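# An overview of the molecular structure
Okay, here's what each chain looks like letter by letter:
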Amino acid sequence: MRSMVEGFPLMLQATRLDKTTLEAAKHTRQTGIDGICLVGMGGSAIAGEICAAYLSDRSTIPVVTFRGYTMPPFVSERWAVIAVSYSGYTDETLSALKSAQSRGCPTFTFTTGGDLEKLAKDTPIQKLTAGFQPRAALPLILSGILPLLETILGLERTDLQSVAKGLEEMSKDWQNTPITPRQLAKDASGKIPLFVGWKHLAPVAYRARCQMNENAKVMAFNSELPEASHNEIEATASCDEFPLLPVFLRSTEEDQKTQDRFEATLEIFSKNGCNPMNLELGLHPRIQEALGFTFFLDLLSIELAELRNVDPLEVKRITELKKKLGKTT
Ligand code: PA5
């Protein structure tokens, strides 16, 4: 798993949209749509979350994510649906794609194969490279769905090659970051991490939590500002009862209001004995920052798994549940 995660920058350059998908995307753009819905679960969902947050200031139509069986009613035939399942066997994703097909939505599918490939036949299917854990395939998936989204939306394409180059440079020398993933894993050992993000770093905080759950097999939580100022902050009153490690993901894009909010929140967390830390990587532009944090925090989950002597590859309980529900792969 370590080598998969360390291959993040390389994988970010891996998926090239095939001709059929690209033509269908251009056609969808010309026809005109009311919105785009990205469908997927777990590791297959997160690339969509990151893209939706990244594009939120540029898209003039809603780009939303959906995790579940039946598409919400607002997804009409004038919505494009992008279904992602790395294995191609995820029940919820299969069911959601069926509901999109029955509504006549233009659909796009990303998978390595499985039942999803069969279900999506006759529509654009982008095959993903097999052999990874779904959650480690995030850069593979993102390198396909981001250009797809940008084509459908008529936006300038993000240069993922130079983003990948930047990530490669950063990972050569983690000593240039204020803390290395290994040092942070040591600090997180025996604690319950709480990742707090803002704007495009909110899905990154969520991803970090999931990686801690699945790779390191530890409970972890995520939240986002400004919303956390209206609820979670009250729970700091109980910080001395729980070994929490709040990690605030600080963005170089924060405006003054957001900075003030972060600082005030940190003060309250500290005053209540929660020992929060600021994680600043000093990255920009936005996509570099979102993916740089993701890469760093993915490595954190591997370091923690190794410290805890658990196998980051195995997901015994997810497999057990899928078996119980009749899905074996
Ligand atoms: O990372 C994982 O292994 C899981 O979170 C899976 O992504 C999740 O169970 C969904 O499976 P798939 O990505 O194959 O659709």
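In the block above lies the structure referred to throughout.
My aim in this report is to walk through the structure given alongside it, one point at a time. (Residues numbered from 1 in each chain as written. Predicted model: local features only at pLDDT ≥ 70, side-chain atom pairs only at ≥ 80, totals over all residues. Heavy atoms only, no water.)

### Looking at the overall build of the chain
When helices and strands are counted, the chain shows 13 helices and nine strands. In terms of overall dimensions, the chain is globule-like: its C-alpha atoms have a radius of gyration of 20 Å, near the 20 Å expected for 329 residues. Counting all 329 residues of the chain, 54% fall into the buried class. Across the chain, every contact between residues at least 6 apart in sequence was considered, and the portion connecting residues at least 24 apart equals 80%. (Helix = DSSP H or I, 4+ residues; strand = E, 2+ residues; numbered from the N terminus. Rg over C-alpha atoms; globule rule 2.2 N^0.38 Å. Buried < 20%, exposed > 50% of the residue type's maximum accessible area, 1.4 Å probe, protein only. Contact = heavy atoms within 4.5 Å.)

### Structural notes on the sheet that holds strand E8 (residues 244-250)
Reading across the sheet, the four strands line up as E7-E6-E8-E9 and stay open at both edges, with parallel pairing between neighbours. One side of each edge strand has no neighbouring strand; the edge strands of this open sheet are strand E7 (221-225) and strand E9 (277-280). The average undirected angle you get between the axes of adjacent strands in this sheet is 25°. Both E8 and E9 contribute to a ladder of four bridges, which runs parallel. (Pairing = 2+ DSSP bridges. Axes fitted to C-alpha atoms, helices over the stretch in contact; angles between N-to-C directions.)

### Regarding helix H11 (residues 256-271)
Between its first and last C-alpha, H11 extends 22 Å over 16 residues, near the 22 Å set by a 1.5 Å rise per residue. Taken together, the buried positions of H11 are Thr258, Phe262, Thr265, Leu266 and Phe269. Buried residues of H11, viewed axially, fall in a sector of 105°; they line one side. Among the exposed residues of H11, those pointing more than 90 degrees away from its buried face are Gln256, Lys257, Glu267 and Lys271. (Expected span 1.5 Å × (residues − 1). Arc of directions from axis to C-beta.)

### Section: the packing of helix H8 (residues 160-172) against helix H12 (residues 286-308)
Following both chains from N to C, one finds H8 and H12 inclined at 40°, their axes separated by 10 Å at the closest point. Taken together, the axes of H8 and H12 lie oblique to each other. Note that H8 runs across H12; the crossing there is right-handed. Contacts between H8 and H12 involve Ser162, Val163, Gly166, Leu167, Met170 and Ser171 from the former and Ile287, Gln288, Leu291, Gly292 and Phe295 from the latter. (Parallel < 35°, antiparallel > 145°, perpendicular 65-115°, else oblique. Left-handed = near helix turned anticlockwise from the far one by under 90°.)

### Considering helix H10 (residues 202-214)
For H10, with 13 residues, the first-to-last C-alpha span of 19 Å sits near the 18 Å given by 1.5 Å per residue. Burial runs high along H10: 10 of the 13 residues are buried. All of the buried residues in H10 are Ala202, Pro203, Val204, Ala205, Arg207, Ala208, Cys210, Gln211, Met212 and Glu214.

### Let's talk about the state of the cysteines
What the rule picks out here adds up to one disulfide. At a sulfur-sulfur separation of 1.9 Å, the disulfide partner of Cys239 is Cys274. Torsion about the S-S bond of the Cys239 and Cys274 cystine: about 105°, corresponding to right-handed handedness. Of this pair, Cys239 sits in the loop between E7 and E8 while Cys274 sits in the loop between H11 and E9, placing them 35 residues apart in sequence. The exposure classification of Cys239 matches that of Cys274, with both residues buried. (Disulfide = S-S within 2.5 Å.)

### Quick word on the site of the ligand
Around the ligand lies a shell of 13 residues, among which Gly43, Ser44, Ser85, Ser87 and Thr90 are the nearest. Between the ligand and Ser85 there is a distance of 2.6 Å, counted from an oxygen atom to a side-chain nitrogen or oxygen. Within the side chain of Ser87, one N or O atom sits 2.6 Å away from an oxygen atom of the ligand. Considering the ligand on its own, with 370 Å² of exposed area, one finds that the protein chains cover 94% of that surface. Looking at the shell around the ligand residue by residue, the class counts come to four nonpolar, six polar and three charged. (Near = heavy atom within 4 Å. Polar contact = N/O pair within 3.5 Å; in protein donor to acceptor, adjacent residues only side chain to side chain. Areas by Shrake-Rupley, 256 points an atom, 1.4 Å probe, with all protein chains shown as cover. Nonpolar A, V, L, I, M, F, W, Y, C, P; charged D, E, K, R; others polar.)

### Things to note about the pattern of salt bridges
Inspection of the entire model under this criterion finds 18 salt bridges. Its salt-bridge partner being Glu169, residue Lys172 comes within 3.0 Å of it at the nearest N-O pair. With a gap of three residues between them, Lys172 and Glu169 both fall in helix H8, about one helical turn apart. A salt bridge links Arg182 to Glu303; the nearest nitrogen and oxygen atoms lie 3.0 Å apart. Here Glu303 lies in helix H12 and Arg182 lies in helix H9 (residues 181-188), a separation of 121 residues in the sequence. Classification of Arg182 as partly exposed rests on a relative accessible area of 45%. Relative accessible area serves as the criterion here: at 9%, Glu303 is assigned to the buried category. Three or more residues are tied together by salt bridges with common partners; here these are Arg2, Glu6, Arg182, Glu303 and Glu306. (Salt bridge = Lys/Arg side-chain N within 4 Å of Asp/Glu carboxyl O.)

### Some points on a nonpolar patch on the surface
There is a patch of nonpolar side chains on the surface, built from Tyr69, Leu321 and Leu325 and spanning about 310 Å² of accessible area. With respect to the secondary-structure elements, Leu325 resides in the segment after helix H13 (316-324). (Patch = residues over 30% accessible without salt bridge, like charges linked within 9 Å, V, L, I, M, F, W, Y side chains within 5 Å.)

### Description of the sheet that holds strand E2 (residues 63-66)
Judged by pairing direction, the sheet is parallel, and its five strands sit side by side in the order E2-E1-E3-E4-E5 without closing on themselves. Edge positions in the sheet fall to E2 and strand E5 (125-127), since each has one partner strand and no second. On average, each strand axis in the sheet is inclined to that of its neighbour by 20°, with strand direction left out of account. Of the pairings in the sheet, the one linking strand E4 (residues 107-111) to E5 comprises three bridges and is parallel in character. Following the sheet pairing, Phe110 is matched in E5 by Gln126. Contacts between helix H5 (residues 91-103) and the sheet are confined to strand E1 (35-39), E2, strand E3 (79-85) and E4, with E3 contributing the most and set at about 160° to the helix. Lying over the sheet, helix H7 (residues 138-153) contacts E1, E2, E3 and E4, oriented at roughly 175° with respect to E3.

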